[in-house]
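The primary structure of each chain is shown beneath.
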Amino acid sequence: MTLFEKIIARQIPAKIAYEDDLVLAFHDINPQAPTHVLIVPKKTIPRMALVEAPDQALLGHLLLKAAEVAATLGLKETGYRLVINNGRDGGESVPHLHCHILGGRPMGWPPG
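Rules and cut-offs
Residues numbered from 1 in each chain as written. Predicted model: local features only at pLDDT ≥ 70, side-chain atom pairs only at ≥ 80, totals over all residues. Heavy atoms only, no water. Helix = DSSP H or I, 4+ residues; strand = E, 2+ residues; numbered from the N terminus. Rg over C-alpha atoms; globule rule 2.2 N^0.38 Å. Buried < 20%, exposed > 50% of the residue type's maximum accessible area, 1.4 Å probe, protein only. Contact = heavy atoms within 4.5 Å. Areas by Shrake-Rupley, 256 points an atom, 1.4 Å probe, with all protein chains shown as cover. Phe/Tyr/Trp six-rings, centres within 6.5 Å; stacked < 30°, edge-to-face > 60°. Salt bridge = Lys/Arg side-chain N within 4 Å of Asp/Glu carboxyl O. Pairing = 2+ DSSP bridges. Axes fitted to C-alpha atoms, helices over the stretch in contact; angles between N-to-C directions.

Q: So what's going on with the overall build of the protein? Residues and values would help.
A: Each helix and strand counted, the protein has 2 helices and 5 strands in total. Listing the helices and strands of the protein from first to last along the sequence gives α-β-β-β-α-β-β. Whereas a compact globule of 112 residues would reach a radius of gyration of roughly 13 Å, the protein reaches 13 Å, a difference of no more than 12%. Across its three principal axes, the protein shows a C-alpha extent of roughly 35 × 30 × 25 Å. Expressed as a percentage of the 112 residues in the protein, the buried residues total 38%. Once local pairs closer than 6 in sequence are excluded, the contacts in the protein between residues at least 24 apart make up 52%. Summing over all exposed atoms, the protein offers an accessible surface of approximately 6,700 Å²; the carbon and sulfur share of this is 56%.

Put into structure tokens, the structure is as follows:
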């Protein structure tokens, strides 16, 4: 089981920001911004490169809920960044698709 699967199964505690039948959002334990929440599908998909056509609705749901979570965290007006890492060079550290919601400070460009 990945770290995120253990959080979903409540085997590891996390500060939950949102949950429904398809996704779970929780605060990152190593925040890279004043607000840093991860939103993960409950279905295990290792990374974007392995997404398949049947996952389209789930990915849409993930992004819509990411925007809703960002709004509930007070980031709608000032802005936020959504990040999905893919593979080692993309910064992926847990092999479970997830979206970072980062906000609470200005974000530089280009990232990384």
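Q: Account for the packing of aromatic side chains, naming residues and giving values.
A: For the coordinates displayed, the defined rule picks out 1 aromatic pair. Look at Phe4 and Phe26: their rings are 5.6 Å apart centre to centre, the planes differ by 65 degrees, and that puts the pair in the edge-to-face class. One end of the pair, Phe4, is in helix α1 (residues 3-8); the other, Phe26, is in strand β2 (residues 23-27), and 22 residues separate them in sequence. Comparing Phe4 with Phe26 shows no difference in burial state: the two are buried.

Q: Before we move on, can you summarise the pattern of salt bridges with the specific residues and values?
A: Using the criterion set out here, one finds 6 salt bridges in the structure. With its nearest N and O atoms 2.5 Å apart, the salt bridge here joins Glu19 to Arg10. Its relative accessible area of 35% is what places Glu19 among the partly exposed residues. Judged by relative accessible area, which is 45%, Arg10 ranks as partly exposed. Between Lys43 and Asp55 there is a salt bridge, with the nearest N and O atoms lying 2.4 Å from each other. With Lys43 in the loop between β3 (35-41) and α2 (56-72) and Asp55 in the loop between β3 and α2, this pair connects stretches of sequence that are 12 residues apart. Judged by relative accessible area, which is 44%, Lys43 ranks as partly exposed. Connected via shared salt-bridge partners are Arg10, Glu19 and Lys42.

Q: Residue-level account of the pairing of strand β1 (residues 16-19), with values.
A: The pairing of β1 with β2 spans 3 bridges and is antiparallel. Bridge pairing in β2 places Tyr18 opposite Ala25. Hairpin connection from β1 to β2: 3 residues lie between these consecutive antiparallel strands.

Q: Residues and numbers for the sheet that holds β3, please.
A: Strands sit in the order β1-β2-β3-β5-β4 across an open sheet of 5 strands; the sheet is antiparallel. At either end of the open sheet lies a strand with only one pairing partner, and these are β1 and β4 (80-83). Each neighbouring strand pair of the sheet contributes to a mean axis angle of 15 degrees, computed without reference to strand direction. Pairing of β4 with strand β5 (residues 99-103) involves 4 bridges; the strand directions are antiparallel. Each bridged residue has a counterpart across the sheet, and for Arg81 the counterpart in β5 is Leu102. Of the strands in this sheet, β1, β2, β3, β4 and β5 are in contact with α2, which crosses β3 at around 155 degrees.

Worth remembering: the numbers are spatial, not functional.
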